[in-house]
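Residues per chain are reported as follows:
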Amino acid sequence: MTSPDPTRESRFEQLFAVLGDMDAAVAAVYRERGEGEVRPRFALPLIRLARLGPMTITALAAEVDRSHSALSQTIAQMRRAGLVTSEAGQDGRTRIVTLTDRGRALVPFAEAEWRATEAAIAEVEAELPYALSQAAADLAAALERRSFAERLADHLNGPE
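Numbers given to residues run from 1 along each chain, matching the order in which its sequence is written. Residues qualify for local features only when their pLDDT is at least 70, as the model is predicted, and side-chain atom pairs are given and counted only at 80 or more; totals for whole chains, interfaces and linings, by contrast, use all residues. For the side-chain quantities, the full set of heavy atoms in the structure was used; hydrogens and water were omitted.

Turning our attention to the overall build of the protein. Helices and strands together make up the secondary structure of the protein, namely seven helices and three strands. In DSSP terms, a helix is any run of H or I states spanning at least four residues, a strand is any run of E spanning at least two, and both are numbered starting from the N terminus. Taken from the N to the C terminus, the helices and strands of the protein come in the order α-α-β-α-α-β-β-α-α-α. Relative to the 2.2 N^0.38 estimate, which gives 15 Å for 160 residues, the radius of gyration of the protein is 20 Å and therefore markedly larger than a compact globule would have. Considered along the principal axes of its C-alpha atoms, the protein spans approximately 60 × 40 × 35 Å. Think of it in three bands: residues with accessible area under 20% of the maximum for their type are buried, residues over 50% are exposed, and the middle band is partly exposed, with areas taken using a 1.4 Å probe on protein chains only. Here the protein, with 160 residues, has 26% of them falling under the buried criterion. Every radius of gyration here is taken over C-alpha atoms, with the globule rule written as 2.2 Å times N^0.38, N being the number of residues.

Laid out in structure tokens, this is it:
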């Protein structure tokens, strides 16, 4: 006898779907403005570069709390969109990221979108019995007590 398909139910998928819908709504704002190649994840690095000036990918990754690898991919996409340039640093191993004129021109809108997104999230939170930001903080605290990797390993190694 075969077991039922475990992919028919998922607590994870619903969370990702909701977050994906929210991200798609932000992306639509940029498309409607004629900035279709701009992704919502570009806003934070754009704003930080505008506020702090050119910096290495490593420094920017730390500034926006992303992995070097993830931010490097984002910077490559931002470069293709004409928002940043990146040039070899003094030692040749680092890349210095700088906003282009187009990137600088987009910053005021990115800041407005950021504020509007935060306001929309606050509005949604006000309608819920449990704030999203509190849920995220509680989730982080639970995973600090016992990591998701540990929990996953226990379920993989334990009885079914």
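Right, let's talk about the pairing of strand S2 (residues 84-88) for a bit. The sheet contact formed by S2 and strand S3 (residues 95-99) spans five bridges and is antiparallel. Among the inter-strand pairings, Ala 88 is bridged to a residue of S3, identified as Arg 95. Taking the residues between adjacent antiparallel strands as the criterion, S2 and S3 are bridged by six residues, where Gly 92 takes a positive phi near 80 degrees. By the convention used here, strands pair only if DSSP detects at least 2 bridges between them.

Every angle, taken between N-to-C directions, lies between 0 and 180 degrees, and every axis is a line fitted to C-alpha atoms, over only the stretch in contact when it is a helix. Packing of helix H3 (residues 57-64) against helix H4 (residues 68-80) leaves a shortest axis separation of 9 Å and a crossing angle of 110 degrees. Put simply, H3 runs roughly perpendicular to H4. In contact with Ile 57, Thr 58, Leu 60, Ala 61 and Val 64 of H3, H4 contributes His 68, Leu 71, Ser 72 and Ile 75. Residue classes follow a fixed rule: Ala, Val, Leu, Ile, Met, Phe, Trp, Tyr, Cys and Pro count as nonpolar, while Asp, Glu, Lys and Arg count as charged, and any other residue, Gly among them, counts as polar. Across the contact of H3 with H4, the residue classes tally to six nonpolar, three polar and no charged. Should an angle lie under 35 degrees it is considered roughly parallel, over 145 roughly antiparallel, and from 65 to 115 roughly perpendicular; all remaining angles are considered oblique. Throughout, a residue-residue contact means that at least one pair of heavy atoms, one from each residue, lies within 4.5 Å.

Of note, the phi angle at Asp 65 is positive, near 55 degrees, even though the residue is not glycine. Locating Asp 65 in the fold gives a position in the loop between H3 and H4. The class for Asp 65 is exposed, based on a relative accessible area of 66%.

Buried Ala, Val, Leu, Ile, Met, Phe, Trp, Tyr and Cys residues that are joined via side-chain atoms within 4.5 Å together make up what is termed a nonpolar core. Core analysis: the largest hydrophobic core is formed by 25 residues, its most contacted members being Leu 46, Ile 75, Leu 83 and Val 84. For this core, the secondary structure elements donating two or more residues are helix H1 (11-32), helix H2 (43-52), H3, H4, S3 and helix H5 (101-127). Once you skip the residues sitting within four places of it in the chain, Ile 75 turns out to touch Ile 57, Leu 60, Val 84 and Val 97.

Taking 1.5 Å of rise per residue, 27 residues should cover 39 Å, and H5 covers 40 Å from first to last C-alpha, within 8% of that figure. Every buried residue of H5 is listed here: Gly 103, Leu 106, Val 107, Ala 110, Glu 111, Glu 113 and Glu 125. Each residue after the first adds 1.5 Å to the expected span of a helix.

Turning next to the side chain of Thr 74. Its location among the elements puts Thr 74 in helix H4. Not counting residues up to four positions away in its chain, the partners in contact with Thr 74 are Arg 41 and Phe 42.

pLDDT is a per-residue confidence score from the predictor, ranging from 0 to 100. Of the residues in the protein, 98% reach a pLDDT of 70 or more, and the chain-wide mean stands at 92. The secondary-structure element of the protein with the lowest mean pLDDT is S2, recorded at 90, while H2 shows the highest, at 97.

With that out of the way, let us pick up a nonpolar patch on the surface. Exposure above 30% relative accessible area and no salt bridge define the residues that can form patches, which grow by joining like charges within 9 Å and nonpolar side chains of Val, Leu, Ile, Met, Phe, Trp and Tyr within 5 Å. Here the open area of atoms and residues is found with the Shrake-Rupley method and a 1.4 Å probe, where only the protein chains shown may cover a residue. For salt bridges, the criterion is a side-chain nitrogen of Lys or Arg within 4 Å of an Asp or Glu carboxyl oxygen. Together, Phe 12, Leu 15, Phe 16, Val 18, Leu 19, Met 22, Val 124, Leu 128 and Leu 132 line one region of the surface with nonpolar side chains, adding up to about 770 Å² of accessible area. The greatest single-element share of the nonpolar patch, amounting to six residues, is contributed by H1. Its location among the elements puts Val 18 in helix H1.

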